[in-house]
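Summary of the model geometry
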Amino acid sequence: MLYLDARFLACLAVGILVVAYVLRDLIVLLATQYFSPLKALRSPPSQSFLFGNLREMYQQENTGLLFDWEDTYGHTYAYRGFLGGYRLITTDLAAITHILAHSERFQKPDFVRENLATMGAGSESVLTTESDVHTRQAPAFTAAHIRTLHPIFWDKAAELLERWTHLANDQKGLYLSVDVLPWLSKATLDAIGLAGFGYQFNALAGKNDELADAYHLIFSTARKLALRTILETWIPLLRRFRPQSEAMDRARAHLTRIGVELIEERKLIMAVEMGKDGPYQNLPEYPRQTRPRDLLSVLAVQSNMASFASQRMTTPEVLCQISTFLIAGYETTASALTWCLYALAHDHAAQHRLRAALQAIPGDSPTLDDDIAKLEHLDWVVREALRLHAPVTWTMRVAMEVDDVPVDNPFTDRWGAVCNSVRVNKGDIITVPIQAINKSKRIWGEDAHSFRPERWRNPPESIKSGLWSNMLTFLGGSRGCIGYRFALAEMKIFLYTLVRNFEFATEKGVVIEKVFNIVARPIVKPAIPTAATPTNTRPTTTSAPSSNMMPLLIRPVEAFSDIGNAADSPDGNYGEMRFV
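Attention here is on the structure that accompanies the text. All figures in this text were calculated on a predicted structure; none of them were measured in a lab.

Quick word on helix α23 (residues 484–499)
Along its 16 residues, α23 runs 22 Å from first to last C-alpha, staying within 8% of the 22 Å computed at 1.5 Å per residue. α23 sits mainly inside the fold: 15 of its 16 residues count as buried.

Thoughts on the sheet that holds strand β5 (residues 395–399)
Read from one edge to the other, the open sheet built from five strands follows the order β1-β2-β8-β5-β3, with strand pairing classed as mixed. Only two strands of the sheet have a single neighbouring strand rather than two, namely β1 (76–80) and β3 (106–107). Running over the sheet, helix α5 (residues 65–73) touches β1 and β2 (86–90) and is turned about 125° from β1.

Looking at helix α11 (residues 180–197)
With 18 residues, α11 extends 25 Å between its outermost C-alpha atoms, agreeing within 8% with the 26 Å of an ideal straight helix rising 1.5 Å per residue. Positive phi appears at Gly198, one or two residues downstream of α11, with a value of about 65°.

What to know about the side chain of Glu61
If you trace the backbone, Glu61 turns up in helix α4 (residues 60–63). At a separation of 3.1 Å, a polar atom in the side chain of Glu61 contacts the side chain of Lys514. Glu61 has contacts with Thr393, Gln435, Lys439 and Lys514, leaving out every residue within four places of it along the chain.

Details of the sheet that holds strand β9 (residues 502–506)
With antiparallel pairing, the three strands of this open sheet are ordered in space as β4-β12-β9. Looking at the sheet topology across the chains shown, the edges are occupied by β4 (176–179) and β9. Each strand of the sheet is rotated relative to its neighbour by a mean of 40°, with strand direction disregarded. Alignment of β4 against strand β12 (residues 551–556), held across four bridges, turns out to be antiparallel. Bridging from a neighbouring strand, Leu176 pairs with Ile554 of β12.

Describing the environment of Gln171
Topologically, Gln171 is positioned in the loop between α10 (150–168) and β4. As for Gln171 and Pro556, which are separated by 385 residues in sequence, their C-alpha atoms are 9.8 Å apart.

Here's the deal with the packing of aromatic side chains
The tally for this structure, following the rule as stated, stands at 17 aromatic pairs. Between Tyr34 and Phe35 the ring centres are 5.0 Å apart and the planes differ by 90°, which places this aromatic pair in the edge-to-face class. Accessibility assignment for this pair places Tyr34 and Phe35 in one class, exposed. With a centroid separation of 5.0 Å and an interplanar angle of 80°, the aromatic rings of Phe153 and Phe486 are classed as edge-to-face. Taken as a pair, Phe153 in helix α10 and Phe486 in helix α23 lie far apart in primary sequence, 333 residues in all.

Rules and cut-offs
Residues numbered from 1 in each chain as written. Predicted model: local features only at pLDDT ≥ 70, side-chain atom pairs only at ≥ 80, totals over all residues. Heavy atoms only, no water. Helix = DSSP H or I, 4+ residues; strand = E, 2+ residues; numbered from the N terminus. Expected span 1.5 Å × (residues − 1). Buried < 20%, exposed > 50% of the residue type's maximum accessible area, 1.4 Å probe, protein only. Pairing = 2+ DSSP bridges. Contact = heavy atoms within 4.5 Å. Axes fitted to C-alpha atoms, helices over the stretch in contact; angles between N-to-C directions. Polar contact = N/O pair within 3.5 Å; in protein donor to acceptor, adjacent residues only side chain to side chain. Phe/Tyr/Trp six-rings, centres within 6.5 Å; stacked < 30°, edge-to-face > 60°.

Have a look at this one:
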């Protein structure tokens, strides 16, 4: 009997050790959360033991949740995350500056990096690594090099203009209802394909592309598995049981194959131009002007010409950047352009002033790029749109060590003590509320939630954070968005082309909300049926409530000038319309 008891206890001990090993990361998480000093902060009540306040957080743009929390709990407080853990959230600019300036102390959490890697960015992408890959990419994103990519932006903006003009030709001056989101997504996908790695997607032309299909399959599947990815972060054993379909495997293999081909092509051309010995020495010469000048070419040159091995990018690192360009280079810009047109469609006076400024610059000006870059009113509109509609509304960091985060505004904890800093332990999670800071009335005034480009004539003196324009749209510090010049140049060229030639308006009765899925995407809020609602309501206002879409009314400026400003009429009568 004693022998059986001893054997049972031994088996039990082994079982406990095995379970502890499998759940080690989850156990560390629970221990970190139990001993976290963030528990001393005031916080809203948790809505769920498993998800805390996370579901509320994902609806914050539509509910004004963070502004309500700030009114109740102050600038610095905690909310509840996975398994009820306390997470720091602050709109205090001193705290935000400290967190973003010390990237070695505050890094992306593992579950964020794992989610981005699963979406195709890879484990060695600038989005997922905390190494110096960010620094080694810098030569590809200088202002001088971005300028060489402008012709690509002009070509794609002109192609989009041509397609919209063709659709509007038979409207006879009346408005055409267009879902601008997919059109802008196709245009920016084409642009990043050419400017990023010299690849022709031809999305605007309506052609199917196997690389685009492979990327979209991986990206959409990864978004559906976001919850699973979080669980896999804390229970690594679950990664062995990932649903790896043959289609996903083929898609990843296809991305890798084309990526390697693109990289080797650029290395080959570079080796020929430099006259290097080795396997390329007998190849025919390329004319120098045919050398691709896309971002990938610059990275390939950098990885081979760097004096020290530590400054070079390996082939796997460069390969990861192709997916990164897709994730960060077209989803975000398409979102930003969509919301900018939405803001202008709502404010016809601002739209008219911008159009007048754009039309003052001839399209055939030999200094067109410089004229646009220096155009004050266009710059104001872009700044204001990116302030009010940041593509990424919030981001996260995890403390890598114990630290005291300073604050400008002392706060009161749940015990009534006044605090001048926030103590964080290693493993504590911090949320940087980008959009809440960009729309803070404390910083921007009582009209902070309004679209008013003229505010940038005299911006508030209190704004001190952020990589660009003293706001957090592109974050800040050493891990700020390296591609912000690329995005701004592309946005300005598209806006010059589209707003100069088209009038934009909103559909009467259509309510647009935001959903956060990597970027802030528009969605049409379903109409609430009433007794007065006609049974033949047009599908543009109520169809596909779960789909991302941005229906706007457009018509050529020439027609707008001929028949008067019907968009400003109080009855909102836009005449007959069709939807595309």
